[in-house]
Amino acid sequence: MAEKSFKKEVQKLRMGAGEEFRGEGILAVTKALLQSGVSYVAGYQGAPISHLMDVLSDANDILEELGVHFESSASEATAAATLAASVNYPLRGAVTFKATVGTNVASDALANLASGGVTGGALIIVGEDYGEGSSIMQERSHAFAMKSQMWLLDPRPNLPSIVNAVEKGFELSEASNTPVMLQLRIRACHVHGRFMTKDNVRPGFTLKDAIEHPVRDVGRIVLPPASFAHEQEKVEKRWPAAIDFIKREKLNEFLGDETRDIGIIVQGGMYNTLMRALTLLDLADVHGHTDLPIYVMNVAYPVIDDEVRQFCAGKRAVLMIEEGQPEFIEQALNTILRQSDLQARVHGKDMLPKAGEYTPTVMLKGLLKFLHRYEPGLADEDRLPAGVRATVGTRRPVAVPVVAAAAPAADTVPVEPLTPPEPEVHPRPPSFCTGCPERPIFTAMKLVERELGPHHVSCDIGCHLFSILPPFNIGATTMGYGLGWAGSAAFNTKETERRTISMMGDGGFWHNGLTSGVGNAVFNRNDNVLVIVDNGYSAATGGQDILSSKADNAIRSTKNPIETAVRGVGVKWVKTITRTYSVAQMRDTLREALTTRERGPKVIVAQSECMLNKQRRIKPLMKRRLKEGKRVVRERFGVDADTCTGDHSCIRLSGCPSLSIKENPDPLRQDPVASVLDSCVGCGLCGEVSHAAVLCPSFYRAELVSNPGWWERLSKRLADRLIEVLQRRIKSREVRYVA
C-alpha cells in the first residue's frame with residue numbers, strides 16, 4: 001500500500017497528440033516513456049523516485065494495453081540487469097532507482113551493460129538524492145557515468161525539457177549503442193508544469209517477438225577478447241557517435257547575449273536555481289530572459305568540446321556552476337580551453353562552495369563574487385534589492401550602546417547593561433512516527449541493557465535507523481540496505497560468550513539481507529543475534545508491498561513469511577513475535593537470544609503493521625462508517641496527573657511524539673507531569689512500557705465511541721450520575737476537613 005495513490009492522475013497518460021498535459025514531473029516522465037515506445041520498465045523504490053514506481057504500478061493496466069511489461073524489482077541490481085533485454089534486441093527499456101545508493105548496488109550490472117553496449121535504447125532514470133532533504137551519503141552519479149562511459153543527461157527542471165530528455169535519451173542510446181543515464185533531482189521529480197502530448201506508441205518490436213526469435217552475439221558478452229574490443233569501441237565509435245548526435249539535436253542550449261565577454265556555464269538541473277538568483281539580482285525576469293550569456297549543459301557527460309570553445313571564445317571569464325564534488329566538469333573545461341589556447345578564466349569552486357547543495361542564497365553569493373570581479377557595476381551593493389542586501393550584504397547593523405538617563409553619582413560603581421541571552425533552540429532529531437511498532441523493539445533493548453549491560457548493535461537502512469538518536473542512542477554502524485548482519489560479521493569469535501545484535505528491516509531483508517546477512521551467518525556459523533523488523537511494507541520508501549506483505553496484491557505475490565525463508569537457508573533458532581507492542585515479550589525474547597547456550601545464528605522476527613500505513617488504511621474505513629452512522633471505537637491513552645510522579649522514565653524509554661509534559665496541577669509539587677497529546681493513535685506502548693519497566697501506574701486506556709448504541713448511552717448516563725454522587729461525597733468531606 002503506497003503512501004499515495006495515483007489512480008486518478010494516471011488517466012492523463014491516455015492523452016493523445018496535441019493535448020495539454022498538466023501535472024507532476026514523475027507523471028511527465030511516465031508519459032514520455034509511453035510516447036517513446038518503451039517495451040519494458042523496471043525499478044526499485046527510493047526517494048526521490050518512489051512516486052515514479054507508484055505511478056507505474058497504478059498505471060499497470062495502461063502499460064499492459066500497450067504491451068509494456070513493468071516489474072517492481074527485488075533490488076537496483078535486478079533492475080539494471082533487466083536492461084539486458086536491450087543488448088541483442090531493438091527493445092527500448094527503462095529502469096529507475098535512487099542514486100547514489102541504488103547506483104552503488106546496480107554498478108556491476110551497469111558496468112557489464114555499458115561494456116557490451118546495447119541495440120535498443122536503454123535509459124537509466126536515477127533520482128539524485130543530493131543536498132537538503134537527502135537521507136544518504138553525499139555523492140554524485142556523475143562518477144558512475146564517467147567510470148563506465150554512459151552518457152549523463154541533466155535536463156532543466158521543467159516538464160518540456162524533462163519529456164524531451166526522455167525521448168532524446170532513447171535516441172541517443174540507440175545512435176551510440178550506449179546506455180544513457182537521466183538524472184532527476186528531488187525538485188525535478190515533483191515540479192509541476194505542462195507540455196503538449198504526443199500519441200502513445202506501441203513497440204514495433206515486442207517482447208513476444210524477441211522470445212520467439214532469439215538472437216545472440218558473443219561479441220556483446222563481457223569475456224576476453226571481446227571485453228578488450230569493447231573499450232576500443234567506446235572510444236572510436238560510440239563516443240564520436242554520441243558527440244555528433246548531441247550537437248545535431250542541440251541537446252545543450254545557448255541562452256542570453258553571447259556577445260558579452262563574461263558568461264555562465266550551468267548544469268541543466270541547476271538552471272531554475274540560477275534563474276531564481278539572477279531574478280533576485282534584477283539580472284533576469286521571471287520568464288528566464290537575461291542578457292548574461294548562459295551555456296546550459298543538459299548533457300552533463302560527455303562534455304562537448306566544440307560547444308565549450310564556441311561559448312568561451314572572446315570571453316574574459318566564465319563561471320562554472322557545478323553542484324557537488326569533485327569538480328569533474330570544471331576540470332574538463334580547463335583542459336579544453338588550455339589545449340585550445342583560449343584565455344578565458346574558468347571560475348567555479350573558488351567562488352562557490354566545494355560541497356553541498358547550491359541553494360538560491362548560495363548561488364547569489366557566488367554570482368556576486370564573480371560579478372564583483374568582472375562586472376562590478378552589476379554587483380554594486382547600492383543597486384541590489386533590499387532583500388538581497390539583507391541576505392548577502394557586507395554592511396551589518398552596528399550595535400548601539402545603551403546611554404544612561406542620568407550621570408551616576410561619583411561614589412557609585414557603573415553597572416554594565418545586561419544583554420539578553422541568546423534564545424536557545426533545542427535540536428529536534430528525527431524520530432519514529434507516533435505509534436510506530438519499531439519503537440517498542442528498542443525500548444525492550446534498553447530494558448535488556450539494564451540487566452545484561454551494553455551490546456554492540458549493527459544497524460541497517462530503514463526507519464529503524466532512528467534508534468541511533470535520542471532517546472534510545474542505540475547503534476554503532478550502518479553499511480547499507482540489508483547489510484545489518486553483514487556489518488557485524490567480524491564480531492564472531494569463540495573468545496567471548498557475549499553476543500552482538502544486528503538490525504534489519506523486511507525491505508532490506510528481501511533486497512539483500514537474506515543472502516548477504518542470513519546466508520552468510522549460517523555459512524560462517526555465526527553465534528550472534530539478528531532482529532528483523534517485519535512491518536508488512538517497504539515502509540521507509542513509501543509503503544510499497546514486498547514479498548512478506550500481508551495485503552493482497554493483484555499483480556504481485558505477497559504473504560511469503562520471513563521465518564520460512566530464514567529457516568530455508570538453515571537457521572534453527574528463530575522466534576516470531578506477532579505484536580511488537582508487547583514490550584515484556586520483546587524483552588524476554590531478546591534476553592533469551594542473548595543468553596541461550598544454544599550455538600548458531602539466532603533470528604527474531606518482530607511483526608506489527610507500520611502505523612503510518614495502518615492509519616492510511618483504516619482512516620478512510622472509519623470515515624465511511626461514521627458517515628453511514630455506524631458504531632466506531634477509537635482507543636486513546638492518557639495519564640492520571642494525580643498519580644504521575646514526574647519522573648518521566650516513560651518518555652525516556654518510549655520517545656513517542658504524543659507523549660509530552662504539562663504543568664503539575666498539584667500546587668505542592670513542582671515537577672511537570674507526563675501528558676498524552678491528541679495525536680495519540682492508541683498503540684498502547686506507553687502503558688506497556690510502564691508495566692514492563694515497573695514504572696508508576698499512571699496510564700489509563702479510554703475508548704472513544706462514535707455513534708454508540710442505546711445500551712452504551714444508558715451506561716454512560718448511569719456512570720456519570722454515579723461519578724457525580726461520589727464527587728459530592730468527596731467534596732463534602734473536604735469541606736468538613738477544612739472546617
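Attention in this report is confined to the structure presented alongside it. This one's a predicted model, so the numbers in the text were calculated from it and none came from an experiment. (Residues numbered from 1 in each chain as written. Predicted model: local features only at pLDDT ≥ 70, side-chain atom pairs only at ≥ 80, totals over all residues. Heavy atoms only, no water.)

## What to know about the overall build of the chain
Our working rule: Helix numbers and strand numbers start at the N terminus; a helix is a DSSP run of H or I with at least 4 residues, a strand a run of E with at least 2. Remark: exposure states derive from per-residue accessible area (1.4 Å probe, protein chains only) relative to the maximum for the residue type, with buried under 20%, exposed over 50%, and partly exposed in between. Surface accessibility in these figures is a Shrake-Rupley result with a 1.4 Å probe; residues are shielded only by whichever protein chains are displayed. Charged residues are defined here as Lys and Arg on the positive side and Asp and Glu on the negative side; His and the ends of the chain fall outside this count. Lysine's charge is taken at NZ, arginine's at CZ, aspartate's at CG and glutamate's at CD.
Summing up its helical and strand segments, the chain has 24 helices and 24 strands in all. Projected onto its principal axes, the C-alpha coordinates of the chain cover approximately 100 × 95 × 65 Å. Relative to its full complement of 739 residues, the chain shows a buried share of 49%. For the chain, the accessible area works out to roughly 36200 Å², and carbon and sulfur atoms hold 55% of it. For the chain, the centre of its 88 positive side-chain charges and the centre of its 86 negative side-chain charges are spaced 6 Å apart.

## Points about the sheet that holds strand β6 (residues 151-153)
The condition that has to hold: Two strands make a pair as long as DSSP finds a minimum of two bridges between them. For helices, the fitted axis covers only the stretch in contact; all axes are lines through C-alpha atoms, and the angles between them, taken along N-to-C directions, range from 0 to 180 degrees.
Taking strand neighbours across the sheet as the criterion, the seven strands line up as β3-β2-β4-β5-β7-β6-β12 in an open arrangement whose pairing is mixed. Since the sheet does not close on itself, it has two edges, and those belong to β3 (69-72) and β12 (299-301), each with one partner. With direction set aside, neighbouring strand axes in the sheet form an average angle of 20 degrees. Of the pairings in the sheet, the one linking β6 to β12 comprises two bridges and is antiparallel in character. Residue pairing in the sheet places L153 in a bridge with V299 of β12.

## Let's talk about the packing of aromatic side chains
Condition: Whether two aromatic rings pair depends on their centres lying within 6.5 Å, for rings of Phe, Tyr and Trp, where Trp uses its six-membered ring; planes under 30 degrees apart make the pair stacked, over 60 edge-to-face, and the rest tilted. For a lysine, the NZ atom is tested; for an arginine, the CZ atom; a charge sits over a ring if that atom is within 6 Å of the ring centre and within 35 degrees of the ring normal.
Applying the stated criterion across every chain, the model contains 16 aromatic pairs. Ring centres of F254 and Y295 lie 5.0 Å apart, and the angle between their planes is 25 degrees; this geometry places the pair in the stacked category. Taken together, the residues span a long stretch of sequence, with F254 in strand β9 (residues 253-255) and Y295 in strand β11 (residues 294-297) at a distance of 41 residues. With relative accessibility at 25%, the residue F254 sits in the partly exposed group. Of the residues examined, Y295 reaches a relative accessible area of 0% and is grouped as buried. The interplanar angle of 80 degrees and the centroid separation of 5.9 Å between the aromatic rings of W710 and W711 together place this pair among those described as edge-to-face. Owing to a relative accessible area of 63%, W710 belongs among the exposed residues under this scheme. Relative accessible area serves as the criterion here: at 53%, W711 is assigned to the exposed category. Taken together, the ring pairs connect F432, F442, F466 and F472 into an aromatic cluster. Residue placement shows R156 over the ring face of Y271; its charged tip is 4.6 Å from the ring centre.

## Considering the nonpolar core
In plain terms, the rule: Throughout this description, the term nonpolar core refers to a set of buried Ala, Val, Leu, Ile, Met, Phe, Trp, Tyr and Cys residues connected via side-chain atoms within 4.5 Å. Contacts: residue pairs with any heavy atoms within 4.5 Å of one another.
Residues L33, L123, I124 and I265 are the most contacted members of the largest nonpolar core, which totals 93 residues. When sequence neighbours within four positions are dropped, the list of residues in contact with L33 reads V38, V41, A94, L123, I125, V166 and F170. Counting 33 residues, the second-largest nonpolar core is a separate cluster that includes M275, L278, L292 and L384.

## Side note on the packing of helix α12 (residues 271-280) against helix α15 (residues 360-374)
The following threshold applies: Each crossing gets its hand from how the near helix is turned against the far one by less than a right angle, where anticlockwise is left-handed and clockwise is right-handed.
At a closest axis distance of 9 Å, the pairing of α12 and α15 adopts a crossing angle of 65 degrees. Our pair here, α12 against α15, has a crossing hand that is right-handed. When α12 is examined against α15, the residues T273, L274, R276, A277, L278 and L280 are found in contact with a partner set consisting of P360, M363, L364 and L367.

## Side note on a nonpolar patch on the surface
Using the following cut-off: Patch membership requires more than 30% relative accessible area and the absence of a salt bridge. Residues of like charge join within 9 Å; the nonpolar side chains Val, Leu, Ile, Met, Phe, Trp and Tyr join within 5 Å. By definition, a salt bridge exists where a carboxyl oxygen of Asp or Glu is found within 4 Å of a side-chain nitrogen of Lys or Arg.
Taken together, the side chains of W710, W711, L714 and L718 present a nonpolar region at the surface, about 500 Å² in accessible area. Relative to the assigned elements, L718 resides in helix α24 (residues 710-738).

## Digging into the side chain of E307
Locating E307 in the fold gives a position in helix α13 (residues 305-312). One buried charge, E307, has no salt-bridge partner; the nearest side chain with opposite charge is K247, at 7.1 Å. When sequence neighbours within four positions are dropped, the list of residues in contact with E307 reads K247, N252, F254 and Y295.

## Some details on the packing of helix α17 (residues 439-452) against helix α20 (residues 583-595)
Geometry of a packed helix pair, given as the angle between the helix axes and the separation of the axes. Rules: Small angles under 35 degrees read as roughly parallel and large ones over 145 as roughly antiparallel, with 65 to 115 read as roughly perpendicular and the rest as oblique. Under the convention adopted here, Pro, Cys and the residues Ala, Val, Leu, Ile, Met, Phe, Trp and Tyr are nonpolar, Asp, Glu, Lys and Arg are charged, and Gly plus all remaining residues are polar.
Where α17 contacts α20, the axes come no closer than 8 Å and their chain directions differ by 55 degrees. Comparing their axes, α20 and α17 come out oblique. Viewed along their axes, α17 and α20 form a crossing whose handedness is right-handed. Taken together, the residues of α20 that come into contact with α17 (itself represented by P440, I441, T443, A444, M445, L447, V448, E451 and L452) are V583, M586, R587, L590, R591, L594 and T595. Considering only residue class, the contact of α17 with α20 consists of 11 nonpolar, two polar and three charged.

## Quick notes on the pairing of β11
Sheet faces and side chains relate simply in a regular strand, where the side chains alternate between the two faces. Alternating positions in β11 separate into two faces, I294 and V296 on one and Y295 and M297 on the other, with burial throughout. Inspection of the sheet shows β9 paired to β11 by three bridges, in the antiparallel sense. Counterpart to E253 in the pairing with β11 is V296. Bridge count for strand β10 (residues 262-267) against β11 is four bridges, and the pairing is parallel. Its bridge partner being in β11, V266 is matched across the sheet by V296.

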